[in-house]
Amino acid sequence: MTRLLLAIDEQWPSRPDCPWVLLGADGQPLSEGHSEPRHWPAAAACEVILTGPQCLWLEVPLPRGARRDLPRLLAYALEDRLLKDPDTQHLTVSHRRPADDGERDLAGVLVIARDRLRNLVAQLAAIGRPPRRVLAEVQTAPAGTNGWQLSLSASAAILRSGPNSGMAIDSDILTPLLAQQAATSRAANTAPNHIEVHCAPGTTAPDPEGLQTETGIPVQTGSPYLWWQG
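Residues numbered from 1 in each chain as written. Predicted model: local features only at pLDDT ≥ 70, side-chain atom pairs only at ≥ 80, totals over all residues. Heavy atoms only, no water.

Any pair of aromatic rings gets described here by the distance separating the centres and the angle formed by the planes. Enumeration according to the criterion identifies one aromatic pair in this entry. Between the aromatic rings of Trp12 and Trp40, the centroid separation amounts to 6.5 Å while the plane-to-plane angle is 20°, which identifies the pairing as stacked. Of this pair, Trp12 sits in the loop between strand S1 (3–8) and strand S2 (18–23) while Trp40 sits in the loop between strand S3 (29–35) and strand S4 (45–50); the two residues are 28 residues apart in sequence, bridging distant segments of the chain. Judged on exposure class, the residue Trp12 and its partner Trp40 are both buried. (Phe/Tyr/Trp six-rings, centres within 6.5 Å; stacked < 30°, edge-to-face > 60°. Helix = DSSP H or I, 4+ residues; strand = E, 2+ residues; numbered from the N terminus. Buried < 20%, exposed > 50% of the residue type's maximum accessible area, 1.4 Å probe, protein only.)

The next subject is the side chain of Gln89. Within the secondary structure, Gln89 is located in strand S6 (residues 89–98). At a separation of 3.4 Å, a polar atom in the side chain of Gln89 contacts the main-chain amide nitrogen of Ala113. When near neighbours in sequence (up to four residues on either side) are disregarded, Gln89 contacts Leu82, Lys84, Val111, Ile112, Ala113 and Arg114. (Polar contact = N/O pair within 3.5 Å; in protein donor to acceptor, adjacent residues only side chain to side chain. Contact = heavy atoms within 4.5 Å.)

Let us look at the nonpolar core. One finds Leu6, Ile8, Trp40, Leu124 and Trp227 to be the most contacted residues of the largest nonpolar core, which totals 32 residues. Residue assignment for this core shows that the elements contributing at least two residues are S1, S2, S4, strand S7 (104–113) and helix H2 (114–126). Discounting residues that sit within four places of it in the chain, Leu6 has contacts with Cys18, Pro19, Trp20, Trp40, Cys46, Glu47, Val48, Ile49, Leu124 and Trp227. Grouped together as the second largest cluster of nonpolar side chains are 15 residues, Trp148, Ile169, Ala182 and Val219 included. (Core = buried A, V, L, I, M, F, W, Y, C linked by side-chain atoms within 4.5 Å.)

So this is what it looks like as structure tokens:
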């Protein structure tokens, strides 16, 4: 079965062109490009990666309760973490793990504006490309267990501090934001032992020595960032 993966940014569909990759049954690319929908290749299924800051990935404490109470508990837990009313957001639980107090869980929650998601799916369905699933780049970019993974592309910078966390960073002020994040982590005694940088083809990598000086964390070069591999 062939799958068409679309990397859709916050400007789509007002700016209708986007990167795409056509994957074969073995998960390897058959073709790839950057074009408007009329030039997308035929495929058995369509999947979407929402790039950059369209999605937040937060981890919040939740009391243990019945499944039917989950929407109410999530809305309450997120009330002080979001600029907009949680009721206007589409919330997806990515994981749950026991909190240190043993009485609650820590829940990972992917957050996207409900209207944005609804309109995007409707637009794709209207052009005959209904998505089988929609994922967030903050969740699919490379992640590791013993260091931060920084993935850079033309559209976004994604920082993964672990398998259950990810955030989009403004590429224009990348270094000061990473330095601030590193200082916060050191204060919490959770600083990583290194930062591994993955650059998409054609993307200019930051100066490793300068980044290491500003963050105080060793910087190393990782494999190229291919947005569709996640």
